[in-house]
Amino acid sequence: MALNFSCPPLAPKSNKFASDVYDAWGYGGVAYLAVPPALTVAILAIFCEEVYYIMTKTNSKDLRNSLVWILSTYPAIMVLGTIAVFMPRSVVYLTFLYNMYVAFSTYKYYYLIIVFCGGTSSYVDKSRHKEVGLNVIPCCCLCCLPSIHNSPRVTVIAKWMIFQNVILTPFYGALATLLKSDFSLYSTTGVSPSVYISAFNSIATLMCMYGFNLIQRFAKTIEGMEEKHAIKGKTTCFQLIMITTGLQTVLFNILGSLDVFPCEKPFAFNSSRKAFNNYAVVLQTFFIALGARYYYRRRVDILRQHTLTDDLSIGSGEYPKTIEEASRTYTPGLTYNGTGEQVGETNIAADQLQSQTVTYKTRVPQQGYSNDSSQSDASCTSA
């Protein structure tokens, strides 16, 4: 169905749009414009607390980077989406920006699971002993799909199903912004190009979700992984944000092509579907972010990785090593191992021999845990 010819192709400027909202809806318009900034401020405050907790509680660089990047996805979407609420002309461009952010965060989430498992090789070794069905979301109804064992090849395929979304999402977003600049994104006759772009982007999103669920299902076969790291909850939160920013766009584009959104003030412009979709994304992201805080800011996740980067204890039912601090007296010229024990000495002038007290941190196993490959995590300072 064709678009309404009376609707101008350009949305009004920000000051004119705010005036139109108030004139059309009165105090309801004030509430419409006030809700997104209020929710964004709340999410930014929550995010700052999450970053502070993660940065102070873990010394695992890989875990820290992955968690901070994933948790920053939600405030990034809300900040950009809130700007688009007040500036409807920019909604296509700002949507492009936060879709790029989400696309890169998908790869960070894959990397987070690998970190929990102790690396790609460890992930494959620990999850290859049990069969997993290929009928995962979004192919959960295809019961005819076989079950397979994990292998390096399967892991690489699932990884590329996730990574293709990182490549294609920015491509489709850039294409939409080019068509928007040329006033060709919304057609006045037939189906708009925006519908086709969002449809292809949705296919890429569904493939990414399939790869996610395959990685997650293999990870859950590792003993203790789900109980200690809540992989299912983490995956659900991230898939919800992918559906909100990706698949939901198709629905709004189809509704816009069917003239479901009337050409009336304050949304008397052709891209009103994008404005409605953006507002819905802001509201939905707020609630998803609350769930993400529960699953990603878990004390057991962060403190576990505070003690070691390769979590070899997962799958063996044992708890990892902890950090202890101690003070020892060292004499220059003597040789010490990682635990502070003297193992040798060298010839040195007598006037250079003087005691120095240092404080160091070393990883030692808890009772019941043994790991022959454990190494000391020394951090020495001379007194």
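Residues numbered from 1 in each chain as written. Predicted model: local features only at pLDDT ≥ 70, side-chain atom pairs only at ≥ 80, totals over all residues. Heavy atoms only, no water.

### Considerations on the overall build of the protein
Each helix and strand counted, the protein has 11 helices and 7 strands in total. Every one of the 383 residues in the protein was classed for burial, and the buried ones make up 46%. Within the protein, contacts between residues at least 6 apart in sequence are counted, and of these 75% link residues at least 24 apart. Accessible surface for the protein amounts to roughly 18500 Å². Of this, 61% is attributable to carbon and sulfur atoms. (Helix = DSSP H or I, 4+ residues; strand = E, 2+ residues; numbered from the N terminus. Buried < 20%, exposed > 50% of the residue type's maximum accessible area, 1.4 Å probe, protein only. Contact = heavy atoms within 4.5 Å. Areas by Shrake-Rupley, 256 points an atom, 1.4 Å probe, with all protein chains shown as cover.)

### A look at the layout of surface pockets
Approximately 210 Å³ is the volume found for the largest pocket. Every residue along the wall of the largest pocket is listed here: Val136, Ile137, Met209, Asn213, Gln216, Arg217, Lys220, Lys232, Thr235, Thr236, Gln239 and Ile243. Within the residue set of the lining of the largest pocket, elements represented by two or more residues are helix H7 (193-220) and helix H9 (231-257). Broken down by class, the residue content of the lining of the largest pocket amounts to 4 nonpolar, 5 polar and 3 charged. (1 Å grid on protein atoms, 1.4 Å probe; cavity = no way out; pocket = protein on both sides within 12 Å on 5 of 7 lines; lining within 4 Å. Points joined across faces, edges and corners; volume = space filled by probe spheres on them. Nonpolar A, V, L, I, M, F, W, Y, C, P; charged D, E, K, R; others polar.)

### Here we look at the environment of Pro262
The topology assignment puts Pro262 in the loop between H9 and helix H10 (272-296). Residue classification places Pro262 among the partly exposed residues on the basis of a relative accessible area of 48%. Placed 11 residues apart in sequence, Pro262 and Arg273 show a C-alpha to C-alpha distance of 9.9 Å.

### Points about the confidence of the model for the protein
Averaged over every residue, the pLDDT of the protein is 76; residues scoring 70 or more account for 76%. Here strand E7 (residues 381-382) is the element of the protein with the lowest mean pLDDT, 40, and helix H2 (residues 27-57) is the one with the highest, 92. Segment residues 1-5: pLDDT under 50, and 19 contacts once partners within four positions in sequence are set aside and those in other chains are kept. (pLDDT = per-residue confidence, 0-100.)

### Side note on the nonpolar core
In this structure, Tyr74, Tyr109, Leu112, Tyr123, Phe238, Met242 and Tyr296 are the most contacted members of the largest nonpolar core, which totals 63 residues. Residue assignment for this core shows that the elements contributing at least two residues are H2, helix H3 (61-86), helix H4 (91-117), helix H5 (120-127), helix H6 (152-181), H7, H9 and H10. Considering each element in turn, this core owes the most residues, 13 residues, to H4. Beyond its immediate sequence surroundings of up to four residues, Tyr74 is in contact with Ile43, Cys237, Phe238, Ile241, Thr285, Ile288, Ala289 and Ala292. Counting 10 residues, the second largest nonpolar core, distinct from the first, contains Phe17, Val21, Leu33 and Val85. (Core = buried A, V, L, I, M, F, W, Y, C linked by side-chain atoms within 4.5 Å.)

### A look at the side chain of Asn201
With respect to the element layout, Asn201 can be found in helix H7. A relative accessible area of 10% places Asn201 in the buried class. With sequence-adjacent residues up to four places away left out, Asn201 is seen in contact with Thr169 and Tyr172.

### Some remarks on the pattern of salt bridges
Evaluation of the coordinates by the stated rule reveals 4 salt bridges. Residues Asp20 and Lys16 are paired through a salt bridge, measuring 3.0 Å at the closest nitrogen-oxygen approach. Here Asp20 and its partner Lys16 are both found in helix H1 (residues 14-25), 4 residues apart, which amounts to about one turn of the helix. Relative accessible area serves as the criterion here: at 9%, Asp20 is assigned to the buried category. In this structure, the salt-bridge partner of Glu49 is Arg297, at a minimum N-O distance of 2.9 Å. Within this pair, whereas Glu49 is found in helix H2, its partner Arg297 is found in the loop between H10 and helix H11 (299-307), the two being separated by 248 residues in sequence. Taking relative accessible area as the criterion, Glu49 reaches 31% and is therefore assigned partly exposed. (Salt bridge = Lys/Arg side-chain N within 4 Å of Asp/Glu carboxyl O.)

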